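A closer look at the structure
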Amino acid sequence: MKEFAVFWGCTIQTRFPFLEKSTRMVLKEFNLPFRDIDGFTCCPEKSLVNNVDHAAFTLTGARNVALVDEAGLDLVSPCTGCVSNLATVKSGLKADPREKGEVNALLKEVGREFTGIANLSHLVPFFHDAVGAHKIRQKIKRNFAGMKLAAHYGCHMIRPGYALRNDDPLDPKKFDNLMTALGAESLQFPTKLMCCGQGLDRVDQHDNALYFARLKLKELKAVGADALVLCCPSCFLQFDNNQFLMEKEGEKLGVPIIYFTELMGLALGFNAEELGMTAHRVDVTSFLQKWEAVSKMPLNGAGIDEAMNSAGALG
Amino acid sequence: MLEANLNIRLLEQCSRCEACYSICPSCRHLPGYDPREVIKDIIAGRFEKWLRSKSIWQCLECHYCLEMCYQHYGFENAMTALRAVAAKRGLHPPQVKRGWDMFAKTGRLGEPALPARKKFGLPEPAAGGAEEFKKLHALLKAKRSEKENEKQRAKGQKAERT
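Calculation rules
Residues numbered from 1 in each chain as written. Chains lettered and ligands numbered in written order. Predicted model: local features only at pLDDT ≥ 70, side-chain atom pairs only at ≥ 80, totals over all residues. Heavy atoms only, no water. Pairing = 2+ DSSP bridges. Helix = DSSP H or I, 4+ residues; strand = E, 2+ residues; numbered from the N terminus. Contact = heavy atoms within 4.5 Å. Axes fitted to C-alpha atoms, helices over the stretch in contact; angles between N-to-C directions. Expected span 1.5 Å × (residues − 1). Buried < 20%, exposed > 50% of the residue type's maximum accessible area, 1.4 Å probe, protein only.

**As for the sheet that holds strand S5 (residues 148–151) of chain A**
Residues and elements named next belong to chain A. With parallel pairing, four strands are arranged side by side in an open sheet as S6-S5-S7-S8. Of all strands in the sheet, those with a lone pairing partner are strand S6 (185–186) and strand S8 (257–259), marking the two edges. Packed onto the sheet, helix H13 (residues 233–248) meets strand S7 (227–230) and S8 and runs at close to 155° relative to S8.

Shown next as C-alpha coordinates:
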(Lines give C-alpha, C1' and ligand atoms only; values in the text may rest on other atoms or scores of the structure.)
Protein backbone atom coordinates (compact mmCIF):
# COMPACT_ATOMS: atom_id res chain seq x y z
CA MET A 1 0.00 0.00 0.00
CA LYS A 2 1.24 3.48 -0.85
CA GLU A 3 2.21 5.62 2.13
CA PHE A 4 -0.22 8.37 2.94
CA ALA A 5 -0.35 11.63 4.87
CA VAL A 6 -3.26 12.18 7.22
CA PHE A 7 -5.04 15.49 6.71
CA TRP A 8 -6.55 16.20 10.12
CA GLY A 9 -8.19 19.52 9.28
CA CYS A 10 -8.92 22.42 11.61
CA THR A 11 -12.09 21.20 13.31
CA ILE A 12 -10.75 17.88 14.60
CA GLN A 13 -7.53 19.40 15.90
CA THR A 14 -9.19 22.46 17.40
CA ARG A 15 -12.37 21.05 18.86
CA PHE A 16 -12.21 17.27 18.89
CA PRO A 17 -8.66 16.04 19.57
CA PHE A 18 -10.14 12.78 20.87
CA LEU A 19 -11.20 11.99 17.30
CA GLU A 20 -7.57 12.29 16.24
CA LYS A 21 -6.74 9.92 19.09
CA SER A 22 -9.13 7.16 18.00
CA THR A 23 -8.11 7.60 14.36
CA ARG A 24 -4.44 7.15 15.23
CA MET A 25 -5.18 4.09 17.36
CA VAL A 26 -7.13 2.42 14.58
CA LEU A 27 -4.60 3.26 11.83
CA LYS A 28 -1.78 1.90 14.00
CA GLU A 29 -3.65 -1.27 14.89
CA PHE A 30 -4.15 -2.04 11.19
CA ASN A 31 -0.45 -1.27 10.53
CA LEU A 32 -1.37 1.27 7.89
CA PRO A 33 1.51 3.33 6.49
CA PHE A 34 0.47 6.81 7.59
CA ARG A 35 2.53 9.91 8.26
CA ASP A 36 2.12 13.44 9.51
CA ILE A 37 3.64 16.03 7.23
CA ASP A 38 4.43 19.67 7.90
CA GLY A 39 2.92 22.59 6.07
CA PHE A 40 -0.82 21.92 5.78
CA THR A 41 -3.21 24.83 6.28
CA CYS A 42 -7.02 24.89 6.34
CA CYS A 43 -8.27 22.76 3.42
CA PRO A 44 -10.00 25.49 2.86
CA GLU A 45 -13.55 25.34 4.09
CA LYS A 46 -16.00 26.00 1.30
CA SER A 47 -18.73 28.01 2.98
CA LEU A 48 -16.34 30.39 4.71
CA VAL A 49 -13.68 30.75 2.05
CA ASN A 50 -15.11 29.93 -1.38
CA ASN A 51 -18.14 32.08 -0.75
CA VAL A 52 -15.91 35.03 0.02
CA ASP A 53 -13.02 34.55 -2.38
CA HIS A 54 -12.93 31.84 -5.03
CA ALA A 55 -9.29 32.44 -5.97
CA ALA A 56 -8.14 32.13 -2.35
CA PHE A 57 -10.10 28.87 -2.09
CA THR A 58 -8.50 27.38 -5.18
CA LEU A 59 -5.00 28.56 -4.37
CA THR A 60 -5.06 27.30 -0.78
CA GLY A 61 -6.46 23.91 -1.78
CA ALA A 62 -3.93 23.55 -4.60
CA ARG A 63 -1.09 24.30 -2.20
CA ASN A 64 -2.21 21.59 0.23
CA VAL A 65 -2.47 19.05 -2.59
CA ALA A 66 0.96 20.15 -3.86
CA LEU A 67 2.47 19.18 -0.49
CA VAL A 68 1.41 15.54 -0.87
CA ASP A 69 2.16 15.55 -4.60
CA GLU A 70 5.76 16.58 -3.89
CA ALA A 71 6.19 14.12 -1.02
CA GLY A 72 5.02 11.26 -3.24
CA LEU A 73 2.25 10.41 -0.82
CA ASP A 74 -1.48 9.86 -0.99
CA LEU A 75 -3.80 11.70 1.36
CA VAL A 76 -6.43 10.30 3.71
CA SER A 77 -8.64 12.37 5.97
CA PRO A 78 -11.11 11.55 8.74
CA CYS A 79 -12.93 14.78 7.76
CA THR A 80 -15.42 14.73 4.89
CA GLY A 81 -15.28 18.48 4.32
CA CYS A 82 -11.51 18.53 3.90
CA VAL A 83 -11.47 15.71 1.37
CA SER A 84 -14.40 17.10 -0.58
CA ASN A 85 -12.89 20.59 -0.79
CA LEU A 86 -9.45 19.34 -1.75
CA ALA A 87 -10.91 16.99 -4.36
CA THR A 88 -13.09 19.78 -5.76
CA VAL A 89 -10.05 22.00 -6.23
CA LYS A 90 -8.01 19.14 -7.67
CA SER A 91 -10.58 18.07 -10.23
CA GLY A 92 -11.32 21.70 -11.13
CA LEU A 93 -7.66 22.37 -11.88
CA LYS A 94 -7.22 19.12 -13.78
CA ALA A 95 -10.14 20.05 -16.01
CA ASP A 96 -8.94 23.62 -16.57
CA PRO A 97 -5.33 23.86 -17.76
CA ARG A 98 -5.50 27.65 -17.95
CA GLU A 99 -6.48 27.97 -14.30
CA LYS A 100 -3.92 25.33 -13.37
CA GLY A 101 -1.27 27.42 -15.14
CA GLU A 102 -2.28 30.53 -13.20
CA VAL A 103 -2.21 28.65 -9.92
CA ASN A 104 1.14 27.08 -10.63
CA ALA A 105 2.63 30.44 -11.66
CA LEU A 106 1.85 31.66 -8.14
CA LEU A 107 2.84 28.42 -6.40
CA LYS A 108 6.18 28.51 -8.20
CA GLU A 109 7.07 31.70 -6.37
CA VAL A 110 6.90 29.81 -3.07
CA GLY A 111 8.68 26.80 -4.56
CA ARG A 112 5.70 24.50 -5.05
CA GLU A 113 3.88 22.84 -7.91
CA PHE A 114 0.42 21.34 -8.13
CA THR A 115 0.38 18.18 -10.26
CA GLY A 116 -2.63 16.43 -8.79
CA ILE A 117 -1.11 12.95 -8.84
CA ALA A 118 -1.88 12.16 -5.21
CA ASN A 119 -5.03 10.18 -4.44
CA LEU A 120 -7.27 11.97 -1.97
CA SER A 121 -9.51 9.70 0.11
CA HIS A 122 -11.88 9.94 2.96
CA LEU A 123 -11.21 7.44 5.73
CA VAL A 124 -14.46 5.47 5.26
CA PRO A 125 -14.17 4.64 1.55
CA PHE A 126 -10.44 4.18 2.17
CA PHE A 127 -11.17 1.48 4.74
CA HIS A 128 -13.68 -0.09 2.42
CA ASP A 129 -11.42 -0.14 -0.64
CA ALA A 130 -7.85 -0.31 0.65
CA VAL A 131 -8.32 -2.37 3.82
CA GLY A 132 -11.47 -4.26 2.92
CA ALA A 133 -14.26 -5.98 4.82
CA HIS A 134 -12.43 -9.31 4.83
CA LYS A 135 -9.37 -7.95 6.60
CA ILE A 136 -11.54 -6.02 9.04
CA ARG A 137 -13.41 -9.19 9.98
CA GLN A 138 -10.12 -10.99 10.53
CA LYS A 139 -8.68 -8.25 12.67
CA ILE A 140 -11.51 -7.35 15.03
CA LYS A 141 -11.84 -8.99 18.42
CA ARG A 142 -15.52 -8.37 18.96
CA ASN A 143 -18.29 -7.48 16.56
CA PHE A 144 -21.56 -5.60 16.82
CA ALA A 145 -23.97 -8.45 16.12
CA GLY A 146 -27.39 -7.55 17.48
CA MET A 147 -26.79 -3.79 17.27
CA LYS A 148 -28.84 -1.48 15.06
CA LEU A 149 -26.61 1.27 13.75
CA ALA A 150 -27.60 4.22 11.62
CA ALA A 151 -24.81 5.25 9.27
CA HIS A 152 -24.81 8.93 8.38
CA TYR A 153 -22.56 9.38 5.34
CA GLY A 154 -22.28 13.12 5.55
CA CYS A 155 -22.72 14.91 2.22
CA HIS A 156 -19.06 15.56 1.58
CA MET A 157 -17.90 12.00 1.98
CA ILE A 158 -19.48 11.23 -1.39
CA ARG A 159 -20.34 14.55 -3.04
CA PRO A 160 -19.61 16.16 -5.38
CA GLY A 161 -19.44 12.82 -7.13
CA TYR A 162 -17.45 14.09 -10.12
CA ALA A 163 -14.61 15.13 -7.79
CA LEU A 164 -14.61 12.28 -5.29
CA ARG A 165 -15.65 9.35 -7.50
CA ASN A 166 -15.64 6.95 -4.55
CA ASP A 167 -19.23 5.69 -4.28
CA ASP A 168 -22.66 6.32 -5.78
CA PRO A 169 -23.34 9.91 -4.70
CA LEU A 170 -27.09 9.30 -4.62
CA ASP A 171 -27.11 5.72 -3.35
CA PRO A 172 -23.85 5.01 -1.52
CA LYS A 173 -23.06 1.57 -0.13
CA LYS A 174 -19.59 1.60 1.38
CA PHE A 175 -20.35 2.91 4.87
CA ASP A 176 -23.24 0.44 5.09
CA ASN A 177 -20.92 -2.36 4.02
CA LEU A 178 -18.51 -1.47 6.79
CA MET A 179 -21.32 -1.54 9.37
CA THR A 180 -22.22 -5.00 8.13
CA ALA A 181 -18.58 -6.09 8.14
CA LEU A 182 -18.53 -5.13 11.81
CA GLY A 183 -21.52 -7.41 12.35
CA ALA A 184 -24.12 -4.70 12.93
CA GLU A 185 -27.40 -4.13 11.17
CA SER A 186 -27.08 -0.98 9.05
CA LEU A 187 -30.46 0.71 9.34
CA GLN A 188 -32.22 2.19 6.33
CA PHE A 189 -34.31 5.28 7.06
CA PRO A 190 -35.82 8.11 5.01
CA THR A 191 -33.41 10.88 6.04
CA LYS A 192 -30.33 8.69 5.74
CA LEU A 193 -28.69 10.81 3.04
CA MET A 194 -30.05 14.14 4.15
CA CYS A 195 -27.55 16.83 5.08
CA CYS A 196 -26.97 17.22 8.83
CA GLY A 197 -27.69 20.95 8.59
CA GLN A 198 -24.64 22.13 10.56
CA GLY A 199 -23.83 24.66 7.82
CA LEU A 200 -26.65 26.82 9.15
CA ASP A 201 -24.80 27.25 12.43
CA ARG A 202 -21.92 28.75 10.51
CA VAL A 203 -24.13 31.47 9.04
CA ASP A 204 -25.79 32.52 12.30
CA GLN A 205 -28.98 30.49 11.85
CA HIS A 206 -28.79 28.33 14.97
CA ASP A 207 -32.52 27.60 15.22
CA ASN A 208 -32.58 26.27 11.68
CA ALA A 209 -29.54 24.11 12.46
CA LEU A 210 -31.38 22.65 15.46
CA TYR A 211 -34.42 22.01 13.29
CA PHE A 212 -32.36 19.78 11.00
CA ALA A 213 -30.66 17.99 13.93
CA ARG A 214 -34.02 17.27 15.51
CA LEU A 215 -35.45 15.93 12.25
CA LYS A 216 -32.93 13.14 11.93
CA LEU A 217 -32.55 12.36 15.63
CA LYS A 218 -36.29 11.95 16.09
CA GLU A 219 -36.44 9.62 13.14
CA LEU A 220 -33.57 7.55 14.54
CA LYS A 221 -35.43 7.27 17.83
CA ALA A 222 -38.47 6.03 15.93
CA VAL A 223 -36.59 3.34 13.99
CA GLY A 224 -34.85 2.13 17.15
CA ALA A 225 -31.27 3.04 16.32
CA ASP A 226 -28.77 2.21 19.04
CA ALA A 227 -26.44 4.91 17.76
CA LEU A 228 -25.77 7.25 14.89
CA VAL A 229 -22.40 6.46 13.31
CA LEU A 230 -20.64 9.14 11.28
CA CYS A 231 -17.18 10.22 10.20
CA CYS A 232 -17.27 13.99 9.83
CA PRO A 233 -16.40 16.52 12.55
CA SER A 234 -19.01 18.96 11.28
CA CYS A 235 -21.79 16.35 11.44
CA PHE A 236 -20.41 15.31 14.84
CA LEU A 237 -20.70 18.90 16.02
CA GLN A 238 -24.25 19.03 14.76
CA PHE A 239 -25.48 15.80 16.33
CA ASP A 240 -23.39 15.65 19.50
CA ASN A 241 -23.06 19.28 20.53
CA ASN A 242 -26.41 20.50 19.27
CA GLN A 243 -28.20 17.47 20.68
CA PHE A 244 -26.56 18.30 24.01
CA LEU A 245 -27.79 21.89 23.76
CA MET A 246 -31.32 20.61 23.15
CA GLU A 247 -30.96 18.27 26.13
CA LYS A 248 -30.03 21.24 28.29
CA GLU A 249 -33.25 22.93 27.20
CA GLY A 250 -35.18 19.89 28.37
CA GLU A 251 -35.57 18.14 25.00
CA LYS A 252 -33.93 14.78 25.55
CA LEU A 253 -33.50 12.72 22.39
CA GLY A 254 -30.84 10.35 23.73
CA VAL A 255 -29.17 9.17 20.51
CA PRO A 256 -25.48 8.34 21.13
CA ILE A 257 -23.19 9.67 18.40
CA ILE A 258 -20.29 7.39 17.54
CA TYR A 259 -17.40 8.30 15.25
CA PHE A 260 -16.46 5.60 12.75
CA THR A 261 -12.98 5.32 14.25
CA GLU A 262 -14.44 4.84 17.72
CA LEU A 263 -16.70 2.05 16.49
CA MET A 264 -13.74 0.38 14.83
CA GLY A 265 -11.63 0.95 17.94
CA LEU A 266 -14.20 -0.75 20.17
CA ALA A 267 -14.32 -3.71 17.81
CA LEU A 268 -10.52 -3.91 17.96
CA GLY A 269 -10.74 -4.30 21.73
CA PHE A 270 -9.94 -0.78 22.96
CA ASN A 271 -12.20 0.59 25.66
CA ALA A 272 -14.39 3.66 25.40
CA GLU A 273 -12.27 5.69 27.76
CA GLU A 274 -8.95 5.16 26.00
CA LEU A 275 -10.67 5.98 22.70
CA GLY A 276 -11.69 9.33 24.20
CA MET A 277 -15.41 8.65 24.01
CA THR A 278 -15.92 10.07 27.48
CA ALA A 279 -15.28 13.49 25.90
CA HIS A 280 -18.57 13.33 23.98
CA ARG A 281 -21.24 15.68 25.21
CA VAL A 282 -24.09 13.25 24.63
CA ASP A 283 -23.63 10.23 26.87
CA VAL A 284 -22.71 7.02 25.02
CA THR A 285 -23.41 4.75 28.01
CA SER A 286 -26.73 3.43 26.64
CA PHE A 287 -24.93 2.28 23.49
CA LEU A 288 -22.16 0.54 25.45
CA GLN A 289 -24.64 -1.08 27.83
CA LYS A 290 -26.73 -2.45 25.00
CA TRP A 291 -23.57 -3.79 23.40
CA GLU A 292 -22.66 -5.57 26.63
CA ALA A 293 -26.19 -6.93 26.90
CA VAL A 294 -26.39 -8.28 23.33
CA SER A 295 -23.00 -9.93 23.59
CA LYS A 296 -24.31 -11.94 26.53
CA MET A 297 -27.37 -13.02 24.59
CA PRO A 298 -27.29 -16.52 23.08
CA LEU A 299 -26.12 -16.70 19.47
CA ASN A 300 -28.73 -17.18 16.76
CA GLY A 301 -29.99 -20.76 16.86
CA ALA A 302 -27.80 -21.61 19.84
CA GLY A 303 -28.37 -25.09 21.22
CA ILE A 304 -31.05 -26.26 18.78
CA ASP A 305 -28.81 -28.74 16.94
CA GLU A 306 -27.50 -30.28 20.13
CA ALA A 307 -31.02 -30.55 21.50
CA MET A 308 -32.29 -32.25 18.32
CA ASN A 309 -29.48 -34.76 18.29
CA SER A 310 -29.32 -35.54 21.98
CA ALA A 311 -30.39 -38.79 23.52
CA GLY A 312 -33.92 -38.81 24.94
CA ALA A 313 -36.98 -40.86 25.73
CA LEU A 314 -37.23 -42.06 22.11
CA GLY A 315 -33.94 -43.86 22.48
CA MET B 1 -7.00 35.80 -12.49
CA LEU B 2 -8.86 32.80 -11.15
CA GLU B 3 -12.09 34.68 -10.85
CA ALA B 4 -15.44 33.09 -10.26
CA ASN B 5 -18.24 33.56 -12.76
CA LEU B 6 -21.76 32.38 -13.32
CA ASN B 7 -22.87 30.61 -16.48
CA ILE B 8 -26.13 32.34 -17.35
CA ARG B 9 -26.87 30.01 -20.25
CA LEU B 10 -26.83 27.04 -17.87
CA LEU B 11 -28.91 28.94 -15.34
CA GLU B 12 -31.54 29.61 -17.98
CA GLN B 13 -31.90 25.85 -18.38
CA CYS B 14 -32.12 25.60 -14.58
CA SER B 15 -34.99 28.03 -14.46
CA ARG B 16 -36.96 25.74 -16.76
CA CYS B 17 -35.99 22.38 -15.25
CA GLU B 18 -36.00 22.52 -11.45
CA ALA B 19 -35.34 18.80 -11.05
CA CYS B 20 -33.32 19.46 -7.92
CA TYR B 21 -36.09 21.28 -6.09
CA SER B 22 -37.68 18.13 -4.69
CA ILE B 23 -34.47 16.80 -3.22
CA CYS B 24 -33.03 20.03 -1.79
CA PRO B 25 -33.25 19.74 2.03
CA SER B 26 -33.62 23.48 2.56
CA CYS B 27 -36.39 23.72 -0.08
CA ARG B 28 -38.24 20.97 1.74
CA HIS B 29 -37.79 22.21 5.26
CA LEU B 30 -37.13 25.94 5.43
CA PRO B 31 -40.25 27.99 4.77
CA GLY B 32 -39.72 30.65 2.13
CA TYR B 33 -36.52 29.14 0.76
CA ASP B 34 -36.88 28.87 -3.00
CA PRO B 35 -33.78 29.12 -5.20
CA ARG B 36 -35.99 29.05 -8.30
CA GLU B 37 -37.06 32.61 -7.52
CA VAL B 38 -33.47 33.65 -6.94
CA ILE B 39 -32.36 32.20 -10.25
CA LYS B 40 -35.17 33.94 -12.12
CA ASP B 41 -34.10 37.23 -10.58
CA ILE B 42 -30.45 36.70 -11.46
CA ILE B 43 -31.41 36.05 -15.08
CA ALA B 44 -33.62 39.14 -15.12
CA GLY B 45 -30.78 41.25 -13.68
CA ARG B 46 -32.52 41.76 -10.34
CA PHE B 47 -30.05 39.97 -8.06
CA GLU B 48 -29.51 43.01 -5.81
CA LYS B 49 -32.68 42.41 -3.88
CA TRP B 50 -31.35 39.08 -2.56
CA LEU B 51 -28.07 40.34 -1.19
CA ARG B 52 -29.46 41.18 2.24
CA SER B 53 -31.73 38.16 2.49
CA LYS B 54 -31.20 35.22 4.83
CA SER B 55 -32.20 32.89 2.00
CA ILE B 56 -28.91 33.00 0.15
CA TRP B 57 -27.14 31.66 3.25
CA GLN B 58 -29.59 28.78 3.64
CA CYS B 59 -28.08 26.65 0.90
CA LEU B 60 -26.47 23.81 2.91
CA GLU B 61 -23.86 23.15 0.21
CA CYS B 62 -24.74 19.47 0.41
CA HIS B 63 -24.25 19.25 -3.38
CA TYR B 64 -27.41 17.19 -3.74
CA CYS B 65 -28.65 19.53 -6.47
CA LEU B 66 -25.41 19.06 -8.40
CA GLU B 67 -25.94 15.31 -8.45
CA MET B 68 -29.54 15.63 -9.61
CA CYS B 69 -28.70 18.19 -12.26
CA TYR B 70 -28.42 17.13 -15.90
CA GLN B 71 -25.89 19.92 -16.40
CA HIS B 72 -24.08 19.38 -13.13
CA TYR B 73 -24.75 22.99 -12.29
CA GLY B 74 -27.70 23.51 -10.03
CA PHE B 75 -28.95 25.90 -7.39
CA GLU B 76 -25.74 25.86 -5.46
CA ASN B 77 -23.74 27.84 -7.99
CA ALA B 78 -26.34 30.60 -8.01
CA MET B 79 -26.26 30.79 -4.22
CA THR B 80 -22.47 30.76 -4.12
CA ALA B 81 -22.39 33.65 -6.57
CA LEU B 82 -24.81 35.76 -4.54
CA ARG B 83 -22.93 34.99 -1.33
CA ALA B 84 -19.71 36.15 -2.94
CA VAL B 85 -21.31 39.42 -4.05
CA ALA B 86 -22.87 39.91 -0.60
CA ALA B 87 -19.47 39.29 1.02
CA LYS B 88 -17.80 41.84 -1.28
CA ARG B 89 -20.27 44.40 -0.01
CA GLY B 90 -19.80 43.41 3.61
CA LEU B 91 -23.29 41.93 3.90
CA HIS B 92 -22.21 38.44 4.99
CA PRO B 93 -23.22 37.05 8.42
CA PRO B 94 -20.92 38.00 11.34
CA GLN B 95 -19.79 34.42 11.77
CA VAL B 96 -18.66 34.19 8.15
CA LYS B 97 -16.75 37.45 8.65
CA ARG B 98 -15.03 36.08 11.74
CA GLY B 99 -14.23 32.81 9.98
CA TRP B 100 -12.75 34.61 6.98
CA ASP B 101 -10.65 36.93 9.17
CA MET B 102 -9.24 33.97 11.09
CA PHE B 103 -8.52 32.16 7.83
CA ALA B 104 -6.80 35.16 6.22
CA LYS B 105 -4.72 35.83 9.33
CA THR B 106 -3.62 32.31 10.27
CA GLY B 107 -4.37 30.05 7.32
CA ARG B 108 -6.50 27.95 9.64
CA LEU B 109 -9.93 28.08 11.25
CA GLY B 110 -8.54 27.26 14.67
CA GLU B 111 -5.31 26.19 16.33
CA PRO B 112 -4.67 22.67 17.70
CA ALA B 113 -5.91 22.33 21.29
CA LEU B 114 -2.58 21.72 23.02
CA PRO B 115 -3.65 20.92 26.63
CA ALA B 116 -6.23 18.41 25.35
CA ARG B 117 -3.61 16.82 23.08
CA LYS B 118 -1.42 16.25 26.12
CA LYS B 119 -4.31 14.73 28.02
CA PHE B 120 -4.99 12.26 25.20
CA GLY B 121 -1.32 11.48 24.72
CA LEU B 122 -1.24 12.87 21.17
CA PRO B 123 2.08 13.83 19.54
CA GLU B 124 3.10 17.45 18.90
CA PRO B 125 1.05 18.68 15.95
CA ALA B 126 2.93 18.93 12.64
CA ALA B 127 4.07 22.42 11.72
CA GLY B 128 1.47 24.46 9.85
CA GLY B 129 2.08 26.40 6.67
CA ALA B 130 0.95 29.84 7.79
CA GLU B 131 4.01 31.79 6.61
CA GLU B 132 4.01 30.34 3.13
CA PHE B 133 0.24 30.68 2.97
CA LYS B 134 0.45 34.39 3.76
CA LYS B 135 3.19 34.91 1.20
CA LEU B 136 1.07 33.16 -1.43
CA HIS B 137 -1.97 35.24 -0.64
CA ALA B 138 0.07 38.44 -0.78
CA LEU B 139 1.21 37.37 -4.25
CA LEU B 140 -2.40 36.79 -5.27
CA LYS B 141 -3.32 40.26 -4.05
CA ALA B 142 -0.43 41.85 -5.92
CA LYS B 143 -1.38 40.02 -9.11
CA ARG B 144 -4.95 41.19 -8.76
CA SER B 145 -4.09 44.84 -8.32
CA GLU B 146 -1.67 44.58 -11.26
CA LYS B 147 -4.57 43.25 -13.37
CA GLU B 148 -6.83 45.98 -12.07
CA ASN B 149 -4.29 48.67 -13.00
CA GLU B 150 -3.95 47.20 -16.48
CA LYS B 151 -7.69 47.32 -16.88
CA GLN B 152 -7.80 50.95 -15.79
CA ARG B 153 -4.94 51.85 -18.16
CA ALA B 154 -6.67 50.15 -21.07
CA LYS B 155 -9.85 52.01 -20.24
CA GLY B 156 -7.91 55.29 -20.12
CA GLN B 157 -6.28 54.68 -23.49
CA LYS B 158 -9.60 53.84 -25.03
CA ALA B 159 -11.10 57.03 -23.64
CA GLU B 160 -8.16 59.04 -25.06
CA ARG B 161 -8.62 57.56 -28.51
CA THR B 162 -12.31 58.45 -28.62
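**A look at the pairing of S5 of chain A**
All names here are of chain A. Bridge count for S5 against S6 is two bridges, and the pairing is parallel. Following the sheet pairing, Lys-148 is matched in S6 by Glu-185. When S5 meets S7, the two strands line up parallel, connected through three bridges. Bridged to Leu-149 within S7 is Ala-227.

**So, helix H5 (residues 74–88) of chain B**
For H5 of chain B, built from 15 residues, the straight-helix expectation of 21 Å at 1.5 Å per residue is met to within 8% by its first-to-last C-alpha distance of 23 Å. The buried count for H5 of chain B comes to eleven of 15 residues, which makes it a mostly enclosed element. Those residues of H5 of chain B lying buried are Gly-74, Phe-75, Glu-76, Ala-78, Met-79, Thr-80, Leu-82, Arg-83, Ala-84, Ala-86 and Ala-87 of chain B. Those residues of H5 of chain B that are buried are in contact with helix H3 (46–50) of chain A together with helix H1 (8–17), helix H2 (25–29), helix H3 (35–43) and helix H4 (64–68) of chain B. At the C-terminal side of H5 of chain B, Gly-90 of chain B shows a positive phi close to 75°.

**Overview of unusual backbone geometry**
Residue and element names in this part refer to chain A. A cis amide bond links Cys-43 with the next residue in sequence, Pro-44, at an omega value of 15°. By secondary structure assignment, the location of Pro-44 is in the loop between strand S2 (34–35) and H3. Even without being glycine, Asn-31 reaches a positive phi, approximately 55°. Along the chain, Asn-31 turns up in the loop between helix H2 (17–29) and S2. Its identity is not glycine, yet Asp-204 carries a phi of approximately 60°, on the positive side.

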